[in-house]
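Spelled out from the first residue to the last, the chains are:
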Amino acid sequence: MHPKPEAPAMTLGSPARPGRDPHFENNVNLKSTPAVSVLVPCYNEENAIDETIQKLAGALATLESYEIVAIEDGSVDRTLARLQMLKEAFPQLRVVPHDRNRGYGAALKTGMRHAESEMIAIIDADGTYPIHDLPRLVKMAADYDMVVGARTGNNVTYSTLRKIPKFFLHRWINWIVNMKVPDINSGMRVFRKNMAQKFVRILPNGFSFTITITISSLRNNYRVHFEPIDYYQRKGNSKIHPIKDTLRFVQIIGRTGMYFAPLRILAPLIVALLLASVASLAYDTFILRDLTEKSLVLLTMSLNVGIFAVLADMIDKRSNV
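Residues numbered from 1 in each chain as written. Predicted model: local features only at pLDDT ≥ 70, side-chain atom pairs only at ≥ 80, totals over all residues. Heavy atoms only, no water.

Enquirer: I'm lost on the overall build of the protein in this one. Help?
Expert: Helices and strands together make up the secondary structure of the protein, namely 11 helices and 7 strands. Looking at the protein as a whole, 45% of its 321 residues qualify as buried. The contacts of the protein with a sequence gap of at least 6 include a subset with a gap of at least 24, amounting to 81%. With the model as given, the accessible surface of the protein reaches about 18,200 Å², and the carbon-plus-sulfur share is 60%. (Helix = DSSP H or I, 4+ residues; strand = E, 2+ residues; numbered from the N terminus. Buried < 20%, exposed > 50% of the residue type's maximum accessible area, 1.4 Å probe, protein only. Contact = heavy atoms within 4.5 Å. Areas by Shrake-Rupley, 256 points an atom, 1.4 Å probe, with all protein chains shown as cover.)

Written as structure tokens, this is what we have:
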């Protein structure tokens with residue numbers, strides 16, 4: 001009987017399992033990471049989701065690698081069933097369902113948590129955005145922190161109901177960031193995940209997600225590029241509610257102003273109170289020849305608002321990332 005051969009001695013630094021090279025495995029994992037993760041929030045889009053996924057797969061085929069993450073946001077129609085069927089034909093598609101409707105911004109946050117790539121692209125599922133332009137935006141994003149598909153192209157279709165609030169909101173945001181922004185809330189854009197994660201605590205769960213991330217990026221001096229694109233008539237029913245969305249519009253105006261530019265927002269009020277204080281003091285001095293409570297109240301209010309504005313601005317500067 002031949003003696004049993006001795007097992008080779010385990011040397012320091014040898015792999016725990018013979019035949020496995022962790023460096024090789026790391027390289028494989030790196031290569032398998034998609035170049036971009038495309039997030040598609042879906043809510044009651046059974047009429048458009050098939051065409052959207054098909055067009056996305058065709059357009060993204062020009063890229064080295066990609067994945068499509070469809071976030072089904074508690075639809076009450078057959079959107080989820082359609083997505084499950086599409087998974088069989090498109091292996092790059094992943095479906096992440098919500099147990100209930102949580103909102104557009106919440107769906108994008110869920111998508112970012114499930115995305116495997118550092119490069120994130122978002123696009124609506126309603127067929128309004130030019131999907132064929134998405135690979136171009138992805139390639140441009142290599143030189144920027146965010147590339148926004150600005151709806152300023154030659155073929156842009158907006159409903160009259162949306163034009164009115166956008167007119168005021170657009171000018172309001174321009175004043176807050178102190179620059180002209182071509183499109184404040186485009187739903188087609190590409191950005192870096194690590195940048196968006198810095199703002200997660202303030203990004204809302206509703207439609208104002210895109211407005212907030214635009215302002216956050218500009219106010220924190222990230223490199224943002226606006227690329228003109230077209231915008232088409234949506235497929236299916238609109239999700240706009242005139243009364244509810246008008247109230248939300250007013251809320252966005254107040255919240256964005258006080259959060260991102262408190263000193264700029266309160267400065268006109270401070271100046272008005274100071275002028276009123278000076279006028280009241282002059283009237284008391286030269287006409288009444290007596291100091292009234294009105295002048296003291298106006299002067300106190302101007303000082304209080306001024307101190308509040310300075311403190312709010314200091315907090316804003318300290319919390320910038």
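Past the structure itself, the notes keep going.
Enquirer: Sorry, what's going on with the nonpolar core here?
Expert: Leu 39 and Phe 191 are the most contacted members of the largest nonpolar core, which has 38 residues in total. At 5 residues, helix H8 (residues 209–219) tops the list of elements feeding residues into this core. Excluding its chain neighbours within four sequence positions, the residues that come into contact with Leu 39 are Val 69, Ile 71, Leu 108, Gly 111, Met 112, Ala 115, Ile 120, Ala 121, Ile 122 and Ile 123. Counting 34 residues, the second-largest nonpolar core is a separate cluster that includes Cys 42, Leu 60, Ile 229 and Tyr 231. (Core = buried A, V, L, I, M, F, W, Y, C linked by side-chain atoms within 4.5 Å.)

Enquirer: Whenever I open this one, the sheet that holds strand E1 (residues 37–42) confuses me. Can you help?
Expert: Hydrogen bonding along the main chain pairs the strands of a sheet, whether they run parallel or antiparallel. Judged by pairing direction, the sheet is mixed, and its 7 strands sit side by side in the order E3-E2-E1-E4-E6-E5-E7 without closing on themselves. Pairing within the sheet leaves two strands with one partner each, and these edge strands are strand E3 (93–97) and strand E7 (224–228). Taking the axes of each pair of neighbouring strands and ignoring which way they run, one obtains an average angle of 25 degrees across the sheet. As paired strands, strand E5 (residues 146–150) and E7 are joined by 5 bridges and run parallel to one another. Pairing of Gly 149 across the sheet is with Glu 227, part of E7. The sheet strands contacting helix H4 (residues 104–114) are E1, strand E2 (67–72), E3, strand E4 (119–122) and strand E6 (189–192), and the helix crosses E1 at an angle near 150 degrees. The strands that H8 touches are E4, E5, E6 and E7; relative to E6, the one it contacts most, it runs at about 50 degrees. (Pairing = 2+ DSSP bridges. Axes fitted to C-alpha atoms, helices over the stretch in contact; angles between N-to-C directions.)

Enquirer: Help me understand the pairing of E3, please; the structure alone is not making it clear to me.
Expert: Walk down a regular strand and you will see the side chains alternate between the two sheet faces. Pairing geometry for E2 and E3, over 5 bridges, is parallel. Across the sheet, residue Ile 68 finds its bridge partner in E3, namely Leu 93.

Enquirer: Could you clarify how one ought to interpret the packing of aromatic side chains in this entry?
Expert: The way to describe two aromatic rings as a pair is by their centre distance and the angle between their planes. The final tally for this structure, using the stated rule, is 6 aromatic pairs. A centroid spacing of 5.9 Å and a plane angle of 40 degrees characterise the contact between Trp 172 and Trp 175, whose relative ring orientation is tilted. Residue Trp 172 and its partner Trp 175 are both found in helix H6 (residues 160–177); the two are separated by 3 residues, about one turn of the helix. For Trp 172, a relative accessible area of 23% puts it in the partly exposed group. (Phe/Tyr/Trp six-rings, centres within 6.5 Å; stacked < 30°, edge-to-face > 60°.)

Enquirer: Just to check I follow, could you spell out H4 for this structure?
Expert: Because an α-helix packs 3.6 residues into every turn, residues spaced three or four apart end up facing the same way. Most of H4 sits inside the fold, with 9 of its 11 residues counted as buried. Of the positions making up H4, those classed as buried are Tyr 104, Gly 105, Ala 106, Ala 107, Leu 108, Lys 109, Thr 110, Gly 111 and Met 112.

Enquirer: Is there a simple way to think about the packing of helix H2 (residues 49–60) against helix H3 (residues 79–89) in this case?
Expert: When two helices pack together, their arrangement is given by the angle between their axes and by how far apart the axes lie. Interhelical geometry of H2 versus H3 gives an angle of 30 degrees and a closest axis separation of 10 Å. By the angle class used here, H2 and H3 are roughly parallel. Here H2 and H3 pass one another in a crossing that is right-handed. Contacts between H2 and H3 involve Ile 49, Asp 50 and Ile 53 from the former and Arg 82, Leu 83 and Leu 86 from the latter. Partitioned by chemical class, the residues of the contact of H2 with H3 number 4 nonpolar, no polar and 2 charged. (Parallel < 35°, antiparallel > 145°, perpendicular 65-115°, else oblique. Left-handed = near helix turned anticlockwise from the far one by under 90°. Nonpolar A, V, L, I, M, F, W, Y, C, P; charged D, E, K, R; others polar.)

Enquirer: Please clarify how unusual backbone geometry should be interpreted in this entry.
Expert: The phi torsion of most residues other than glycine is negative, and most of the peptide bonds are trans. Its identity as a non-glycine residue notwithstanding, Asn 44 has a phi of 55 degrees, on the positive side. With respect to the helices, strands and loops of the structure, Asn 44 is situated in the loop between E1 and H2. In this model, Asn 178 sits at a positive phi of 60 degrees, which is unusual for a non-glycine residue. Considering the arrangement of structural elements, one finds Asn 178 in the loop between H6 and E6.

Enquirer: Would you mind showing me how to read the pairing of E2 here?
Expert: Judged by how many residues are buried, E2 sits mostly within the fold: 6 of 6 residues are covered. Alternating residues of E2 divide into Glu 67, Val 69 and Ile 71 and Ile 68, Ala 70 and Glu 72, and every residue in both groups is buried. Note that the unit made of E1, H2 and E2 has a crossover that is right-handed. Taken together, E2, H3 and E3 form a β-α-β motif whose crossover is right-handed. (Right-handed = clockwise from strand over helix to strand, strands pointing away.)

Enquirer: I tried to follow the pattern of salt bridges on my own but got confused; where do I start?
Expert: Opposite charge on two side chains lets them pair, provided their charged atoms get close. Enumeration over the complete set of coordinates arrives at 9 salt bridges. A salt bridge links Asp 50 to Arg 82, with the nearest nitrogen and oxygen atoms 2.4 Å apart. Highlighted residues: Asp 50 in helix H2 and Arg 82 in helix H3, separated in sequence by 32 residues. Per residue, the accessibility class of Asp 50 equals that of Arg 82, and both read buried. A salt bridge links Arg 102 to Asp 99, with the nearest nitrogen and oxygen atoms 2.7 Å apart. Overlapping salt bridges, with partners in common, bring together Asp 133, Arg 136 and Glu 227 in one network. (Salt bridge = Lys/Arg side-chain N within 4 Å of Asp/Glu carboxyl O.)

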